[in-house]
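Listed below are the residues making up each chain.
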Amino acid sequence: MGSKLLDAISSAIRSSHHGNSSLWTQAAAILWTDGDSQWKSIFSQLQNLEGEFLTLGHYQPEKNAGPAIWLKTAITGMVPELEMRGTPIIYCPGVSRSDLRAIETCPRDLQPLAELQYRGTFWSQANGRDWTVNAFLTSANGGLGLNVAQDKETQDLLLQVLKAGLLLDMPVADLQGRQINALWLNSLLAPNPTRDLLVWMNNPKAAQDGWKGPKWDAFCKWSKKDFGFDPLADGELAAAEKLASRQGKWLSVFELYQDSYTSFPNILGLLTRLTPPGLDGLFPEFAAYETYPGANLKFENDLRNDLYAHGALSAGECRAAVLKSEEVHGLRRQWLWARIGHSPMAQALLHLSHLAKLTSTLPLGESAAELANAYQEWGWKVDDAVIKSLACVSAASDKAAVSAVVRSIYLPWSNECAIRLQNVVSKEGGFSPLSTGVVNTDASPSTCFVFVDGLRYDVAVGLATRLEELGKVDLSAQWTSLPSVTASGKAWCSPVANKVAGTSEDMEFQPRVAGTDKSLSGYNFRKLLDDEGVQALPKDEVGAPSGIAWTECGDLDHYGHEHGIRLARDLGLQLDAVQERIAEMIAAGWKKFRIVTDHGWLLMPGGLPKAELAKHQAETKWGRCAVLKSSAQSDGLTFGWDWCKEVQIAYPPGIASFKAGEEYSHGGISFQESLVPIIELHVESSTADFANIKSIGWRGLRCNIEVVSDAVGLRVDLRTKPAVADTSIVAAMKAVEDGKASLAVADDSYEGQAAVVVVLDQSGNIIQKQVTTVGG
């Protein structure tokens, strides 16, 4: 017999032509009678195995089916479209062996087959009866001798399982080693009843259509038996009620839903339609509503209203109210609806509660250095809590509620912190460098400076954590220039800071190249870097790792000016760009990085408080600073410009702004703006190959590339996206031979478009790249 059940059945039928001892020649046909039509459901699968299977029925020659007279003709080879490859097997559903035994009483339409019992043979039991499914499986005389339970449930399920085709591919040896009973057969029809229930709830019609027949019958049966639920009579909403109740076996259903809710998106809508019991009043057990998204939605609305109200309180009262709300609503962050993203207020509340706790004290210190230490130790966590709370919400009403609390607590705290720092700095006559041990102008070879505009200290803490997967990270801080704006601060943190100076004639806080009249524009800054042996790398170049380089990435400051508090929500995307750039430089061979910035920033929902400065006193006025006219007299906070002390700059007190309504601003004196991070990243040494693209030249659509490298096995490619091999626009990559390679672009539609030449090592890793224009 064959190894699988279907093969065993087929083999048993075919071997029956040896059973008629009165025949001296090969049997004309094998008659397979099946009075109860038990085998009908699997006959089509048997018919697919061998072409000799014919079936009694309506005339359908394409299916090897037809009436008795046609079948008798077919077995003689008189039907051209049929090719008999062995003894014909005629399956007769609804016809028993006794129906054919007496020709004179045989129905007329069957008489052409009756005489075949003399020229052919039957596939039947030794006692002459038709083989039933149970008889064949259990009989040791011509059958398989399997252990099949004889109760009615098992017998009914056996036919259903066969109809569903679930037993036919099983090895007979596996069946011989077990009892075939109702419990086991049910497990075949519904191997995961818990999941099937969720599948049905998610789309009842599609599930019922897909499970027509035995599977659907089994599903309905065990739904009633195990879950006390009738899919047809009760419907999916009743199922949702039981799911939310988590009673009995429904607990495992809900647990599975929690673990795989993304696979069943429509169930959320069902559960949302439920009305939780007792929701109109104060339910004593808050956790009882965990399974009801509608209740969670109500609690979100309640919390939103509460936070609005908290925001109208004094800072101390607001802190206490927030902590009380956290005691009530904090539990909801453990609910499924928080994971789905339907509890933004509860999520924001976590960070608001941190904000409430942290702002109960202020940084302490008698000097700017002591205050800086306190801020680096814990003060930055306040700013971080503000950012994270705002990042949790996107809907306008949610942002308004969270912003109200943030403003109530954060504004007085950050304002008092700024005043403390300003008072100390006034006494000290300005900022003195902190003892960090980092001097940017003393950078060693193989160091790449990565400038990130507006990298505030708390944001840098998060970036440093990300970079730990790339190497050893050290985070320190230093005071930036006064005022804390890009024009001054970028040069201040650069490796050429000692080559920059300012005069009273310089405008908009932009210094100049020392000893010249050249303003430190972007062009002149890059030229100064080059003149001092520092590679000024555009964003798409990686340079030579043996030297010193300066590259810029990230867009935090521009994004903050453009979008205000939305910066909080999208900070992660900004840091992604920085991390990707550093990873790209590491792949090119760089091992040491110093991430620097020009300034931080203040972010205040509802805008910074307004400070007044008479128009006639200011030469130019920004939000957080203003250049005073030489004739102006000011009693306020005033310092000389760090690049030229003759230029006097006025600063608003605390975190106030000379311009009304600014949510995002910088240029003043505060921890957030003035204490800037320095991240040093040291990557472990590796044996990565290095290559430098010396030149790229075009002759028509042929690109000629010159590569300098000691590595062997290098190849070059031309792509529209450097990291995606499928974006190659050449027929094939080319090997670098004697430092040269040539690539041909076949499609002239790319001419004039930007593309990237990439150099790959033997493992296919990109070790260098450079942008070019197709065709030159």
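You'll find the structure just up there.
This is a predicted model, so every value here is computed, not measured. (Residues numbered from 1 in each chain as written. Predicted model: local features only at pLDDT ≥ 70, side-chain atom pairs only at ≥ 80, totals over all residues. Heavy atoms only, no water.)

**Let's talk about the overall build of the chain**
And step 1. Secondary structure summary: the chain contains 28 helices and 28 strands in total.
And step 2. Against the 2.2 N^0.38 benchmark of 28 Å for 776 residues, the chain shows a C-alpha radius of gyration of 41 Å, more extended than a compact globule.
And step 3. In terms of principal-axis extent, the alpha carbons of the chain reach across some 135 × 80 × 40 Å.
And step 4. By the burial criterion, 51% of the 776 residues in the chain qualify as buried.
And step 5. Counting only contacts in the chain whose residues sit at least 6 apart along the sequence, the fraction spanning at least 24 positions is 69%.
And step 6. Surface accessibility of the chain: about 35,200 Å² in total, with carbon and sulfur atoms responsible for 49%.
And step 7. Placing the 71 positive and 90 negative side-chain charges of the chain at their respective mean positions leaves the two points 3 Å apart. (Helix = DSSP H or I, 4+ residues; strand = E, 2+ residues; numbered from the N terminus. Rg over C-alpha atoms; globule rule 2.2 N^0.38 Å. Buried < 20%, exposed > 50% of the residue type's maximum accessible area, 1.4 Å probe, protein only. Contact = heavy atoms within 4.5 Å. Areas by Shrake-Rupley, 256 points an atom, 1.4 Å probe, with all protein chains shown as cover. Lys, Arg positive; Asp, Glu negative; His and termini not counted. Charge placed at Lys NZ, Arg CZ, Asp CG, Glu CD.)

**Description of the sheet that holds strand β18 (residues 637-641)**
And step 1. The strand order β16-β17-β19-β18 describes an open sheet built from four strands, whose pairing is antiparallel. A strand with exactly one partner marks an edge of an open sheet, and here the two such strands are β16 (618-621) and β18. For this sheet, the mean angle separating the axes of adjacent strands, direction not counted, is 30°.
And step 2. Pairing of β16 with strand β17 (residues 626-628) involves three bridges; the strand directions are antiparallel. (Pairing = 2+ DSSP bridges. Axes fitted to C-alpha atoms, helices over the stretch in contact; angles between N-to-C directions.)

**Here's the deal with the sheet that holds strand β23 (residues 702-708)**
And step 1. In spatial order, the strands read β22-β23-β26; together these three strands make up an open sheet with antiparallel pairing. Each edge of the open sheet carries a strand with a single partner, namely β22 (692-699) and β26 (740-744). Along the sheet, successive strands turn relative to each other by an average axial angle of 20°, direction set aside.
And step 2. Relative to β23, β22 runs antiparallel, the two sharing seven bridges. The residue of β23 that forms the bridge with I696 is I705.

**Concerning helix α10 (residues 182-189)**
And step 1. For α10, the tally of buried residues reaches six of eight residues, placing the bulk of the element in the interior.
And step 2. The set of residues buried in α10 consists of A182, W184, L185, N186, L188 and L189.
And step 3. Lining the buried residues of α10 we find α8 (152-163), α9 (172-176), β7 (179-180) and α13 (214-227).

**Some remarks on the pattern of salt bridges**
And step 1. All chains considered together, the criterion is met by 31 salt bridges.
And step 2. For K205, the salt bridge identified is with D209, shortest N-O distance 2.9 Å. Here K205 pairs with D209, and both are found in helix α12 (residues 204-210), just four residues apart, close to one helical turn.
And step 3. Relative accessible area serves as the criterion here: at 39%, D209 is assigned to the partly exposed category.
And step 4. Across the salt bridge formed by K224 and D230, the nearest N and O atoms sit 3.9 Å from each other.
And step 5. You can call K224 partly exposed: its relative accessible area is 47%.
And step 6. A single salt-bridge network, built from bridges that share partners, covers K72, E115 and R119. (Salt bridge = Lys/Arg side-chain N within 4 Å of Asp/Glu carboxyl O.)

**Some remarks on unusual backbone geometry**
And step 1. The linkage connecting L482 with the following residue, P483, adopts the cis geometry, with an omega of 0°.
And step 2. With respect to the helices and strands, the residue P483 is situated in the loop between β9 (472-479) and α24 (486-492).
And step 3. Located in the positive-phi region is S37, a residue other than glycine, with phi close to 55°.
And step 4. By secondary structure assignment, the location of S37 is in the loop between β1 (30-34) and α2 (40-49).

**Considering the environment of A588**
And step 1. Locating A588 in the fold gives a position in the loop between α27 (566-587) and β14 (592-596).
And step 2. Placed 500 residues apart in sequence, A588 and P88 show a C-alpha to C-alpha distance of 73 Å.
And step 3. Setting aside chain neighbours within four positions, we find A588 in contact with V542, P545, F690 and I767.

**With respect to the packing of helix α23 (residues 457-467) against α27**
Relative placement of two packed helices is described by the angle separating their axes and the distance separating the axes.
And step 1. Contact geometry for α23 and α27: axes closest at 11 Å, N-to-C directions at 45°. Here α23 is positioned oblique relative to α27, judged by the angle of their axes. For the pair α23 and α27, the crossing hand works out as right-handed. Contacts from V459, L463, R466 and L467 of α23 reach α27 at L571, G572, L575, D576, V578, Q579 and I582.
And step 2. For the contact of α23 with α27, a count of residues per class yields seven nonpolar, two polar and two charged. (Parallel < 35°, antiparallel > 145°, perpendicular 65-115°, else oblique. Left-handed = near helix turned anticlockwise from the far one by under 90°. Nonpolar A, V, L, I, M, F, W, Y, C, P; charged D, E, K, R; others polar.)

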